[in-house]
Amino acid sequence: MNLENTVKFHFAKSTMISDSPRATASDALTGTDIMAAMGMTQERAAMGYSAFLGKMGISHNDRERAIALLAEYALSKCDKVAALRKLGEGIKPLVMHQLATFAFEDYSRSAASVKQCDCCSGQGFIEADVFTMKSHYTMKLPQWAKDLKQSPGDFEVKRQVKEVAKILCSTCKGKKVVSCACKDCHGRGKAVNQELTEEQGVPVRADCKRCGGRGYERIPSTEAFAAVSQITDAISLDTWKKSVKPFYDQLIMKFDMEEAWAESQLKQITR
Ligand SMILES: [Zn+2]
Ligand SMILES: [Zn+2]
């Protein structure tokens, strides 16, 4: 069985996972077998299995565990990068935890994910200047004016009033979040390729250029940099780009590798 198959067991009540007679011949594993297999996978591939469960939204604890394990791993490797090696002993673990947190967010993102709406900073509405015309009369219309059939408008003073109004954010339509799905391919990962289409004369779909076929936007690494800058100003944007970002990218990849490892362990255990 694979990791995907274990998901339903996390949502099942423990009573449902019992040694009930096998329904079909392909149902080769009993509930107890599966529980044991998941336990062994957790033991052998803690980071990858926790990361996977965290990604699937099984539990917040798994997410935290995966981040903690990656932060620990990062701490053991970061001295290879001069800029990170130079960080103070108290700062280093905080920076590693921040990097691991962003790495997890990036790793667990999919076309189905949502992110905070930048347009309204997650408020759902934006403040906008609204101009309205207001008017008042300079005086109560005097009798002589009435006699002369003067129009009240002659005594009316109009003025434009600026008010700050909260209006619904048009980007997220007030939902506070927007989809992470790629805007070009709408999460499909494939889009009509202009050049190939012209070349071959028929619509040709290829990996979407905007998202590289992933179907969703990755978290800009500058966001991770900004978060690290909140902890320490020892890393400049230049240093980030040159040496810390590659390290950060490795951390994201580490989750993918660990997940693959957990997958292979589970397969081996349940073979
Ligand atoms: Zn918005
Ligand atoms: Zn795309």
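Here the residue index of a chain counts from 1 through its sequence in written order. Written order determines the labels here, with chains lettered from A and ligands numbered from 1. Reporting in this predicted model follows two pLDDT cut-offs: at least 70 for local features of residues, and 80 or more for side-chain atom pairs to be given and counted; totals over whole chains, interfaces and linings ignore these cut-offs and use all residues.

## Some words on the overall build of the chain
Test applied: Numbering of helices and strands runs from the N terminus; a helix is a DSSP stretch of H or I covering at least four residues, while a strand is a stretch of E covering at least two. Throughout, the radius of gyration refers to the C-alpha atoms, and the reference size of a globule is 2.2 Å times the residue count to the power 0.38. Exposed residues have 12 or fewer other C-beta atoms within 10 Å of their own C-beta, buried residues have 20 or more, and residues in between are partly exposed; the C-beta atoms are placed from the backbone.
Broken down by element type, the chain carries 10 helices and 6 strands. Taken over the C-alpha trace, the chain has a radius of gyration of 30 Å; the compact-globule value for 271 residues is 18 Å, which it surpasses by more than 25%. By its C-alpha atoms, the chain is 105 × 55 × 55 Å across when sized along the principal axes. Here the chain, with 271 residues, has 22% of them falling under the buried criterion.

## Section: unusual backbone geometry
Even without a glycine there, the phi angle at serine 121 is positive, about 50 degrees. In this fold, serine 121 is placed in the loop between strand E1 (114–116) and strand E2 (125–137). On the basis of neighbour count, serine 121 is assigned to the exposed category, with 11 C-beta atoms found within 10 Å. In this model, lysine 176 sits at a positive phi of 75 degrees, which is unusual for a non-glycine residue. When you line up the elements, lysine 176 lands in the loop between strand E3 (156–168) and strand E4 (177–179).

## As for the environment of glutamine 123
By the element assignment, glutamine 123 lies in the loop between E1 and E2. The exposure class of glutamine 123 is partly exposed, given the 15 C-beta atoms found within 10 Å. For glutamine 123 and arginine 214, which are 91 residues apart along the polypeptide, the C-alpha to C-alpha distance reads 28 Å.

## Quick notes on helix H2 (residues 31–44)
The cut-off we apply is this: Here the expected span of a helix is defined as 1.5 Å times the quantity of residues minus one. To obtain the arc, one takes the directions from the helix axis to the C-beta atoms.
For H2, spanning 14 residues, the distance from its first C-alpha to its last is 20 Å, which sits close to the expected 20 Å at 1.5 Å a residue. Of the positions making up H2, those classed as buried are Ala37, Met38 and Thr41. For H2, the buried positions fall inside an angular range of 100 degrees around the axis, keeping them on one side. Residues Thr32, Gly39 and Glu43 are exposed on H2 and point more than 90 degrees away from its buried face.

## Section: the nonpolar core
To keep it simple, the criterion reads: The term nonpolar core refers to a set of buried Ala, Val, Leu, Ile, Met, Phe, Trp, Tyr and Cys residues connected through C-beta atoms within 7 Å. Each residue gets a C-beta atom placed from its backbone, and two residues are in contact if those atoms lie within 7 Å.
If you look at the biggest cluster of nonpolar residues, it comprises 37 residues, and the most contacted ones within it are Leu70, Ala74, Leu99, Ala100, Ala103, Phe104 and Leu251. Put simply, the parts of the chain that give this core at least two residues each are H2, helix H3 (46–55), helix H4 (60–77), helix H6 (91–108), helix H9 (221–231) and helix H10 (237–269). With near-sequence residues (within four places) excluded, leucine 70 lies in contact with Met47, Ala100, Ala103, Phe104, Leu251, Lys254 and Phe255. Cys180, Cys182, Cys185 and Cys211 belong to the second largest nonpolar core, which has 6 residues in total.

## Points about the confidence of the model for the chain
Selection rule: Values of pLDDT, ranging from 0 to 100, describe the predictor's confidence in every residue of the model.
On average, residues of the chain score 87 in pLDDT, and 90% of them are at 70 or above. pLDDT under 50 marks residues 13–19. Its contacts with residues more than four places away, or in other chains, come to 9 contacts.

## A few points about H3
Across the 10 residues that make up H3, a large majority, 8, are buried. Positive phi shows up at glycine 57, right after H3, with a value of about 75 degrees.

## Digging into the packing of H3 against H6
Defined as follows: Each axis is a line fitted through C-alpha atoms, taken for helices only over the stretch in contact, and angles between the N-to-C directions span 0 to 180 degrees. Crossing handedness is read from the near helix: turned anticlockwise from the far helix by less than a right angle, it gives a left-handed crossing, and turned clockwise, a right-handed one. Charged residues are taken to be Asp, Glu, Lys and Arg, nonpolar residues to be Ala, Val, Leu, Ile, Met, Phe, Trp, Tyr, Cys and Pro, and polar residues to be all remaining types, Gly included.
Contact geometry for H3 and H6: axes closest at 10 Å, N-to-C directions at 60 degrees. The crossing of H3 and H6 is right-handed. Contacts between H3 and H6 involve Ala51, Gly54 and Lys55 on the former and, on the latter, Phe104, Tyr107 and Ser108. Among the residues forming the contact of H3 with H6, the class breakdown is 3 nonpolar, 2 polar and 1 charged.

## Examining the environment of tyrosine 107
Mapped onto the secondary structure, tyrosine 107 falls in helix H6. In the structure, tyrosine 107 is positioned 22 residues away from aspartate 129 in sequence and 40 Å away in space, judged by C-alpha atoms. Excluding anything up to four places from it in sequence, tyrosine 107 contacts Ala51, Lys55, Ile252, Phe255 and Asp256.

## Digging into the pairing of E2
Which entries qualify depends on this criterion: By the convention used here, strands pair only if DSSP detects at least 2 bridges between them.
Taken across its 13 residues, E2 has 0 buried, putting it largely on the surface. Pairing geometry for E2 and E3, over 13 bridges, is antiparallel. Residue tyrosine 137 lies in a different strand from E3, and its bridge partner there is glutamate 156.

## Topic: the packing of H3 against H10
For clarity, the cut-off: Oblique is the label for any angle not under 35 degrees, not over 145, and not in the 65 to 115 range, which are roughly parallel, roughly antiparallel and roughly perpendicular in turn.
Two numbers describe how H3 lies on H10: the axes approach to 7 Å, and their chain directions differ by 100 degrees. Comparing their axes, H10 and H3 come out roughly perpendicular. For the pair H3 and H10, the contacting residues are Met47, Gly48, Tyr49, Ala51 and Phe52 in the first and Phe255, Glu258, Glu259, Trp261 and Ala262 in the second. In terms of residue class, the contact of H3 with H10 is made up of 7 nonpolar, 1 polar and 2 charged.

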